[in-house]
Amino acid sequence: MGATLDDGDEVEVQGSSGVYTLSRKGDVYMCSCPAWRNQGAVIDRRTCKHLRKYLGDAEETARVGSATPARAAATGGRAQAVKKDTAPPILLAHKWETDHDPKGWWMSEKLDGVRAYWDGEGLISRLGNRFPAPTWFTDALPKEKLDGELWIARKQFQRTSGVVRSGGVEWTSVAYVVFDAPEIPGTFEERLAAAKTLIETANVDHLRMLDQVLCEGVAHLRAELARVEGLGGEGLMLREPGSAYTVGRSTTLLKVKTFHDAEARVIGHAPGAGKHKGRLGALVCQLPDGVTFNVGTGFSDAERETPPAIGAVISFRYQELTEDGVPRFPSYVGERHDVDLPAAPPPLGTGTKKLNTDTRPTKIDRPITPGIIAMVAEKVERDPHAPVQDPRPATVFVALPPKLAPQAEQKTLYRERLEHEDGKFWEIEVRGSSHITRFGKIGTSGQIRMVDSGTPEAAKSEAEKRAAQKKKEGYRAAKLSPET
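Residues numbered from 1 in each chain as written. Predicted model: local features only at pLDDT ≥ 70, side-chain atom pairs only at ≥ 80, totals over all residues. Heavy atoms only, no water.

**A few points about the overall build of the protein**
Counting its secondary structure elements, the protein contains 12 helices and 27 strands. The buried share among the 484 residues of the protein stands at 52%. Restricting to contacts in the protein with at least 6 residues of sequence separation, those with at least 24 account for 64%. For the protein, the computed accessible surface area is about 22700 Å², with 52% contributed by carbon and sulfur atoms. (Helix = DSSP H or I, 4+ residues; strand = E, 2+ residues; numbered from the N terminus. Buried < 20%, exposed > 50% of the residue type's maximum accessible area, 1.4 Å probe, protein only. Contact = heavy atoms within 4.5 Å. Areas by Shrake-Rupley, 256 points an atom, 1.4 Å probe, with all protein chains shown as cover.)

**What about helix α3 (residues 57-64)?**
Within α3, burial applies to Glu60, Arg63 and Val64. Angularly, the buried residues of α3 cover 70° about the axis, an arc narrow enough to put them on a single face. The exposed residues of α3 that point more than 90 degrees off its buried face are Ala58 and Ala62. Those residues of α3 hidden inside the fold are in contact with β3 (28-31) and α2 (49-55). (Arc of directions from axis to C-beta.)

**Focus: the sheet that holds strand β2 (residues 18-25)**
Read across the open sheet, the 3 strands follow the order β1-β2-β3; overall the sheet is antiparallel. Edge positions in the sheet fall to β1 (10-15) and β3, since each of these pairs with one other strand and no more. The average angle at which neighbouring strand axes cross in this sheet is 20°, direction not considered. Two elements, β1 and β2, share 6 bridges in a ladder whose sense is antiparallel. Counterpart to valine 11 in the pairing with β2 is leucine 22. (Pairing = 2+ DSSP bridges. Axes fitted to C-alpha atoms, helices over the stretch in contact; angles between N-to-C directions.)

**Notes on the pairing of strand β16 (residues 292-295)**
Neither face of β16 is left uncovered, since the one carrying Thr292 and Asn294 and the one carrying Phe293 and Val295 both have all their residues buried. Pairing between strand β15 (residues 280-286) and β16: 4 bridges, direction antiparallel. Bridged to valine 284 within β16 is asparagine 294. A loop of 5 residues connects β15 with β16, the two strands running antiparallel in sequence, and glycine 290 in this loop sits at a positive phi of about 95°.

**Quick look at the confidence of the model for the protein**
With 76% of its residues at a pLDDT of 70 or more, the protein shows a mean pLDDT of 77. A low-confidence stretch, residues 67-83 (pLDDT under 50), is modelled with 51 contacts involving residues beyond four sequence positions or located in other chains. (pLDDT = per-residue confidence, 0-100.)

**Observations concerning helix α6 (residues 157-164)**
Among the residues of α6, Phe157, Thr160, Ser161, Val163 and Val164 are the ones counted as buried. One side of α6 carries all its buried residues, which in axial view fall inside an arc of 165°.

**Observations concerning the side chain of arginine 115**
Mapped onto the fold, arginine 115 is located in strand β6 (residues 114-118). There is a polar contact of 2.8 Å between the side chain of arginine 115 and the backbone oxygen of leucine 91. A polar contact is formed between the side chain of arginine 115 and the side chain of aspartate 147, at a distance of 2.7 Å. Non-local contacts of arginine 115, meaning those with residues more than four positions away in its chain, are made with Ile90, Leu91, Leu92, Ile124, Ser125, Arg126, Phe131, Asp147, Gly148, Glu149, Phe179 and Tyr245. (Polar contact = N/O pair within 3.5 Å; in protein donor to acceptor, adjacent residues only side chain to side chain.)

**With respect to the packing of aromatic side chains**
The tally for this structure, following the rule as stated, stands at 5 aromatic pairs. Both rings, one in tryptophan 136 and one in phenylalanine 137, keep their centres 5.7 Å apart while their planes meet at 65°; by these two values the pair is edge-to-face. Judged by its relative accessible area of 44%, tryptophan 136 falls in the partly exposed class. Relative to tyrosine 332, the ring of phenylalanine 299 has its centre 4.6 Å away and its plane inclined at 25°; by these criteria the two rings are stacked. Of this pair, phenylalanine 299 sits in the loop between β16 and α9 (301-305) while tyrosine 332 sits in strand β20 (residues 331-336); the two residues are 33 residues apart in sequence, bridging distant segments of the chain. The exposure classification of phenylalanine 299 matches that of tyrosine 332, with both residues buried. These aromatic residues form a ring-pair network of at least three members: Trp136, Phe137 and Trp171. (Phe/Tyr/Trp six-rings, centres within 6.5 Å; stacked < 30°, edge-to-face > 60°.)

**What to know about the side chain of aspartate 180**
Tracing the backbone shows aspartate 180 in strand β9 (residues 175-180). Assessed through its relative accessible area of 1%, aspartate 180 is described here as buried. Of the polar contacts made by the side chain of aspartate 180, one reaches the side chain of arginine 191; its length is 2.7 Å. A polar contact is formed between the side chain of aspartate 180 and the side chain of arginine 239, at a distance of 2.8 Å. Once residues lying within four places of it in the same chain are set aside, the contact partners of aspartate 180 are Leu146, Asp147, Phe188, Arg191, Arg239 and Tyr245.

**Re the environment of leucine 207**
Structurally, leucine 207 is set in strand β10 (residues 207-209). For the pair leucine 207 and leucine 150, spaced 57 residues apart in the sequence, the C-alpha separation amounts to 9.7 Å. Not counting residues within four places of it along the chain, the set of residues in contact with leucine 207 comprises Leu141, Pro142, Tyr176, Val178, Ile199 and Ala202.

**Notes on the pattern of salt bridges**
Evaluated as defined, the whole model comprises 23 salt bridges. Across the pair glutamate 429 and arginine 438 runs a salt bridge whose closest N-O atoms are separated by 3.9 Å. The same class applies to glutamate 429 and to arginine 438, which are both buried. Put simply, lysine 460 and glutamate 464 hold a salt bridge, and the shortest N to O gap is 2.6 Å. Here glutamate 464 and lysine 460 lie together in helix α12 (residues 456-472), a separation of 4 residues that amounts to about one turn. Note on lysine 460: relative accessible area 31%, which makes it partly exposed. Look at glutamate 464 and you get partly exposed, because its relative accessible area is 34%. Salt bridges here are not isolated pairs; linked through shared partners, they connect Arg415, Arg417, Glu419, Glu427, Glu429 and Arg438. (Salt bridge = Lys/Arg side-chain N within 4 Å of Asp/Glu carboxyl O.)

**Quick word on a negative patch on the surface**
The grouping of Asp6, Asp7, Asp9, Glu10, Glu12, Asp27 and Asp99 at the surface amounts to a negative patch. Residue position: aspartate 6 is located in the segment before β1. With relative accessibility at 47%, the residue aspartate 6 sits in the partly exposed group. (Patch = residues over 30% accessible without salt bridge, like charges linked within 9 Å, V, L, I, M, F, W, Y side chains within 5 Å. Lys, Arg positive; Asp, Glu negative; His and termini not counted. Charge placed at Lys NZ, Arg CZ, Asp CG, Glu CD.)

So, in structure tokens, the structure goes:
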């Protein structure tokens, strides 16, 4: 039996990729996670893993059905690896939140290498694949199980990933940096002491311990984070003193980074311009929830000449997610061979309309996301029979749901514009069974999102509730912008 949510209640819960807000308005139970937002189900029949965990799986099953919708299971921030039966039992980290006092926790650098579990006989990836390490490398390792990172140097993730997938002589540049000993009994400190003894006994250059420092507080944490990132490091890790080694995600291990990281699948190559003409301009990438975006920075000249192939999985860093779940300021880190991603949801519908953009590749069929639906809908509303045009040069063919053009001909059932004293606007419109939201800084076109609520009545009800919530946040009624 789980907890309860009364009408009007809100509660924050910890997810694997951050903190999410659960709320209830009448018969509608909502979560702020992308998995809940991007579902195609009618709004009062949606659920997600956070609602199921908080309310109880049996209660949610009785309310909406036996399982979380397939699309929701594939979304929700950073995608989890699809592991084999041979995957090792490793500890995974949560993200550090600023309200957590790190004083007294162990602090270490987050290495930008390749995670590797030593089972006493070989080095195994997170997915359960054995690395082809040379015998001279593995013969020197102890028989006890160890958890660590195959690492060359800062900013060398791509090179490290390539080397450890081969059995060549370049393994001489690789070190196995140990940060835990999973099966040695005792506290974290006791396991570290035992692992240090094993490493000193082995006495080889390619096996060493990761340095750990007791954190003195938030100021110390931020100073060390700035130092490490200034040297080109990825971030920090925090480990709870006296903690056990537990399998799966645990709040005893926290990662601290200025930027977030995630994985995405490459679905296209955007051609370069200017100094990059004739080679890669950006990778067109897709998250497991179908959100598509471009990664155009972080590449070396060699990587622009021979970019990751379509279908490859890459790691990237970003600052934050927009309200539509799109990563802001994504930067390429490297290709991932130790992570697989769930398949993205299939494209909606079979029709196409031409949409031009200078930052996406030519002639690529893309799944529709709420943001793209809204973008196309805005243009189709002006003339449902005309091609969608844009003055910029490159062309993309976008899968267009057949219901979109008829939706554009529906009358507006509800429309309201609100403004905030800090210079922001928020506008919502109900057309057919969908509500379209526009928001941003006053004087700009802002961002657009579109959500299908199933019926016009549900869409209007949801729009009114969202407007009421915005007014509670300090927004006030304003003059509506002209309909176009």
